[in-house]
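# A structural walkthrough
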Amino acid sequence: MKKQSIWLKDFKNNVTILNKDIDCDVLIIGAGITGLSTAYHLINSNLKVVVVEKDEIGNDVTARTTGKITYLQELIYTKLKKELNEETSKKYLESQLEAINILTSIIKKEKIECDLEQVKSFVFTKDKKELKKLKEEKELLEKFGVNVLDYNNAIGVEDTYVFHPIKYLMKLKEIILNNNIQIYEKTNIIEIKKEDEYVCLTENNKIKAKKVILACHYPFFLFPLLFPIKGHLEKSYVAAIKNKNRKMSMINTKIPTTSLRYHHDYMIYLNNSHPISTNNNDKDNFDSLINTTKKLGNIDYIWSNHDIITVDHLPIISKITDNLLIGTGFNTWGMTNGTLAGKILSDIILNKENKYTKLFSLKRQKSLNTFVNILIEVLRNGKSFTINKIIKNKNWYSSNLEFKKDDSDDIAIYTDDNNQKHIVYNKCPHLGCSLIFNEFEKTWDCPCHGSKFDIDGNCLRGPSKYNISYKK
Ligand SMILES: Cc1cc2nc3c(=O)[nH]c(=O)nc-3n(C[C@H](O)[C@H](O)[C@H](O)COP(=O)(O)OP(=O)(O)OC[C@H]3O[C@@H](n4cnc5c(N)ncnc54)[C@H](O)[C@@H]3O)c2cc1C
């Protein structure tokens, strides 16, 4: 069993690292599905476009997705109708159908071999109390003109897909590079300054850009005290299990999510989703996934992932200022919404009309529910921050962990199987949350905003831009 996403199996890539100061018209920060989709739509724009990626193409959230391309997304349409209004719900449906069309058209036009397959998708429930909600979702979708398949405890649609997200991104990268857009990988932006233009700093170089697009998933530097209340991170655990392919995908109606799809002779099975600030005993969470799937077959790959859930369930694809744009908050539906973000953000850059700019704008109308959800975020984050600072979850850990004070610094010591000690600062450089040791993946994880560090403190995933290696 490999502790790695199945999409990274056989991953081969050549990277170019930025080693000089450069200027450009548009800088895209992040090369997941959002960043590369945006760059793709800026080909032929006559603008000098540059993409920077702190790791390698797609190697963060997109590499750990389940890769469904569907508009049947739990009970999103009734939720939007109830919490916002019916018009918003209908517009969101249209946007998802358009995103599927954009994505599949690019795959066909560019002849991208990424295992695209049309499969039925279903939303199901095992809870009798949820049946009424399922019926409401079906009726609303039918009212919007969708042909819905109806079963006892599930509804389904036919015009949806699955694919291999990393094969898709690797081909997009090739097309983008062939069209004179530079992509620099292993290039981490650590600061963005606003002068006459934007100046984005890496450790050794600077990039001057007229416009900047934040396609970096978590907006790591942006009004850091405000973004955390606009959403939370939802974490899930995924396994690729040897199984017969059944050419369909499924998800249940509510948290904790159970979701599955097939890829060649694997079932990709997801469970145990929860807000990242709660239920963080990852050893238990992975064990539960392993136990639940025991009867289904052998697990070959196992991994975890998290995505941003916004307070009003809509993505944020928007101008922040005239020259600073953002695409994030995809509520675990980033294959469609990241694709759509690429089109909307490039349309904004090119001064083209796009009928979804208002729907996903940061300035969209807020409902009472939005404010209630913001309050819940504040309370949840505050509770998690405080509890983790005090208890450090010591009761979860085996005896190979020690927490100490070094002068005023909190440090943590992990002793490995060869009796070697690995010392790190136990404080996330992003916003100062205490880190939790993930015994399954052997990483230090931030329970507030999802940063991940290896046992020697190297930052594996943001929003932290810095390591936590102990220097003394
Ligand atoms: C378990 C799980 C399953 C999912 N399954 C599905 C699914 O089946 N279908 C679906 O539609 N969606 C799914 N999603 C959601 C989807 O995977 C995400 O919404 C989407 O991948 C996000 O893409 P992104 O480009 O915004 O982020 P990312 O893929 O994370 O890309 C952002 C990039 O920015 C880079 N970056 C960050 N900071 C910096 C910096 N300072 N400098 C330079 N680069 C930086 C990162 O390294 C990263 O590569 C799932 C999510 C989860 C958690």
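Each remark here, short or long, concerns the structure printed above.
Residues numbered from 1 in each chain as written. Predicted model: local features only at pLDDT ≥ 70, side-chain atom pairs only at ≥ 80, totals over all residues. Heavy atoms only, no water.

### What about the packing of aromatic side chains?
If you walk through the whole model with that rule in mind, you get 11 aromatic pairs. For the pair Phe163 and Tyr168, a centre-to-centre distance of 5.6 Å together with 55° between the ring planes defines the contact as tilted. Phe163 gets classed as buried once you look at its relative accessible area, which sits at 0%. Using a relative accessible area of 0% as the deciding quantity, one classes Tyr168 as buried. (Phe/Tyr/Trp six-rings, centres within 6.5 Å; stacked < 30°, edge-to-face > 60°. Buried < 20%, exposed > 50% of the residue type's maximum accessible area, 1.4 Å probe, protein only.)

### Here's the deal with the sheet that holds strand E19 (residues 409–415)
Ordered by their spatial adjacency, 3 strands build an open sheet running E18-E19-E20, and the pairing between neighbours is antiparallel. Among the strands making up the open sheet, the edge pair consists of strand E18 (401–406) and strand E20 (421–425). Averaged over neighbouring strand pairs, the angle between their axes works out to 25° when direction is ignored. Strand direction decides the pairing type here: E19 and E20, joined by 5 bridges, are antiparallel. Opposite Ala412, over in E20, you have Val424 as the bridge partner. (Pairing = 2+ DSSP bridges. Helix = DSSP H or I, 4+ residues; strand = E, 2+ residues; numbered from the N terminus. Axes fitted to C-alpha atoms, helices over the stretch in contact; angles between N-to-C directions.)

### Here we look at the state of the cysteines
Covalently bonding the sulfur atom of one cysteine to the sulfur atom of another cysteine gives a disulfide. Tallied over the entire structure, the rule returns 1 disulfide. Shown here is the disulfide that connects Cys433 with Cys448, its sulfur atoms set 2.1 Å apart. Around the S-S axis, the bridge from Cys433 to Cys448 shows a dihedral of about -105° and counts as left-handed. Here Cys448 lies in the loop between strand E22 (443–445) and strand E23 (452–454) and Cys433 lies in the loop between E20 and strand E21 (436–438), a separation of 15 residues in the sequence. You'll find Cys433 and Cys448 in the same group, each marked buried. Cys216 takes part in no disulfide bond, and the closest cysteine sulfur, belonging to Cys200, lies 10 Å away. With no disulfide partner, Cys459 has as its closest neighbouring cysteine sulfur the one in Cys428, 7.6 Å distant. Classification of Cys459 by relative accessible area gives partly exposed; the value is 21%. (Disulfide = S-S within 2.5 Å.)

### Topic: the site of the ligand
In the vicinity of the ligand, 34 residues are found, and the nearest of them are Glu53, Thr62, Thr66, Asp307 and Met335. Taking Gly334, its main chain carries an N or O atom lying 2.9 Å from a nitrogen atom of the ligand. Here the ligand has 1,000 Å² of accessible area as a free molecule, and 98% of this is covered by the chains. The residue makeup of the shell around the ligand, split by class, is 13 nonpolar, 16 polar and 5 charged. (Near = heavy atom within 4 Å. Polar contact = N/O pair within 3.5 Å; in protein donor to acceptor, adjacent residues only side chain to side chain. Areas by Shrake-Rupley, 256 points an atom, 1.4 Å probe, with all protein chains shown as cover. Nonpolar A, V, L, I, M, F, W, Y, C, P; charged D, E, K, R; others polar.)

### Side note on the side chain of Glu83
Residue placement: Glu83 occurs in helix H2 (residues 76–83). Buried within the structure, Glu83 lacks any salt-bridge partner; its nearest side chain of opposite charge belongs to Lys79, at an N-O separation of 6.1 Å. There is a polar contact of 2.9 Å between the side chain of Glu83 and the side chain of His313. Beyond its immediate sequence surroundings of up to four residues, Glu83 is in contact with His313, Ser367, Asn369 and Asn373. (Lys, Arg positive; Asp, Glu negative; His and termini not counted. Salt bridge = Lys/Arg side-chain N within 4 Å of Asp/Glu carboxyl O. Contact = heavy atoms within 4.5 Å.)

### A short note on the pattern of salt bridges
On inspection of all chains with the given rule, the structure shows 29 salt bridges. Between Asp25 and Lys210 there is a salt bridge, with the nearest N and O atoms lying 3.0 Å from each other. Here Lys210 lies in strand E10 (residues 206–214) and Asp25 lies in strand E1 (residues 22–29), a separation of 185 residues in the sequence. Glu136 serves as the salt-bridge partner of Lys82, at 3.0 Å between the closest nitrogen and oxygen. Within this pair, whereas Lys82 is found in helix H2, its partner Glu136 is found in helix H4 (residues 131–143), the two being separated by 54 residues in sequence. Three or more residues are tied together by salt bridges with common partners; here these are Lys235, Asp282, Glu441, Asp445 and Lys452.

### Regarding the nonpolar core
Formed by 65 residues in total, the largest nonpolar core has its most connected members in Ile28, Leu36, Tyr168, Leu172, Ile176 and Phe360. With 8 residues, helix H3 (residues 86–109) is the largest single contributor of residues to this core. Excluding residues within four positions of it along the chain, Tyr168 makes contact with Ile33, Leu103, Ile106, Ile107, Ile112, Cys114 and Phe163. (Core = buried A, V, L, I, M, F, W, Y, C linked by side-chain atoms within 4.5 Å.)

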